[in-house]
Amino acid sequence: VYEGVALSLATVARIMAENDAPIDSIILTGGGARSGLWPDIFASVFGIPTSVHYAPGEGTSLGAAMTAGVGIGIFKDYEQAASIARTRSQHAVNPAWADKYERVYELYSGIYERMKPIFDGIAREWP
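Not measured: the values here are computed from a predicted model. (Residues numbered from 1 in each chain as written. Predicted model: local features only at pLDDT ≥ 70, side-chain atom pairs only at ≥ 80, totals over all residues. Heavy atoms only, no water.)

*Asks:* How would you explain the side chain of Ser51 if you had to name every residue and give the values?
*Replies:* Relative to the elements of secondary structure, Ser51 occurs in strand 2 (residues 50–53). Judged by its relative accessible area of 9%, Ser51 falls in the buried class. Not counting the four nearest positions on each side in its chain, Ser51 is found in contact with Ile26, Ile27, Leu28, Thr87, Ser89 and Gln90. (Helix = DSSP H or I, 4+ residues; strand = E, 2+ residues; numbered from the N terminus. Buried < 20%, exposed > 50% of the residue type's maximum accessible area, 1.4 Å probe, protein only. Contact = heavy atoms within 4.5 Å.)

Written out as structure tokens, the structure is:
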């Protein structure tokens, strides 16, 4: 599951990079961020060091508070608001894993095209 999520998000990251919006850092939040393994997988799939938010379960709340802070003038902009985010751990790219994930990604990326007719069939069943 961890690898599937990371590979799926890697597709999004590649599309963003193709549109001049590359990802240069990752801070994980949520339940998966509490895993000792998932941050290492993300770092190796994306090829960039990954951090874990200091309170992984609070990321959404913090983001809402930062947005509100910008809206009412506590922060001058989102860059200043983002400066309050802290991390508790850093995870480096494992070169051996990164090499393997690059090869696996090429296989993984073909799944969508093969599954698209099934997805289309499922979509036709919903009103």
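*Asks:* With reference to specific residues and values, describe the confidence of the model for the protein chain.
*Replies:* Close inspection of predicted coordinates is inappropriate in any region flagged by low pLDDT. Mean pLDDT over the protein chain: 92, with 100% of residues reaching 70 or higher. Mean pLDDT values over the elements of the protein chain span from 91, in strand 1 (residues 26–28), up to 96, in helix 2 (residues 38–46). (pLDDT = per-residue confidence, 0-100.)

*Asks:* Can you tell me about the side chain of Ser44, naming the residues and giving the values?
*Replies:* The topology assignment puts Ser44 in helix 2. Separated by 3.1 Å, the side chain of Ser44 and the backbone nitrogen of Asn94 make a polar contact. Excluding residues within four positions of it along the chain, Ser44 makes contact with Val93, Asn94, Trp97, Ala98 and Tyr101. (Polar contact = N/O pair within 3.5 Å; in protein donor to acceptor, adjacent residues only side chain to side chain.)

*Asks:* Tell me about the pairing of strand 2, residues and numbers included.
*Replies:* Residue alternation in strand 2 divides its side chains into two sets, Thr50 and Val52 and Ser51 and His53, and both sets are buried. Where strand 1 lies against strand 2, 3 bridges are found, and the strand directions are parallel. Across the sheet, the residue bridging to Ile27 is Ser51, located in strand 2. Strand direction decides the pairing type here: strand 2 and strand 3 (residues 87–91), joined by 4 bridges, are antiparallel. Bridge pairing in strand 3 places His53 opposite Thr87. (Pairing = 2+ DSSP bridges.)

*Asks:* Can you break down the pattern of salt bridges residue by residue, with the values?
*Replies:* Here the structure, examined in full by the defined rule, presents 4 salt bridges. For Glu102, the salt bridge is made with Arg14, and the minimal N-O distance between the two is 3.2 Å. Pair noted here: Glu102 is in helix 5 (residues 95–124) and Arg14 is in helix 1 (residues 2–18), with a separation of 88 residues, a long-range link. Under the relative-accessibility criterion, Arg14 is labelled partly exposed at 31%. For Asp99, the salt bridge identified is with Arg103, shortest N-O distance 2.4 Å. On the criterion of helical spacing, the pair formed by Asp99 and Arg103 is a turn pair, its members being 4 residues apart in helix 5. (Salt bridge = Lys/Arg side-chain N within 4 Å of Asp/Glu carboxyl O.)

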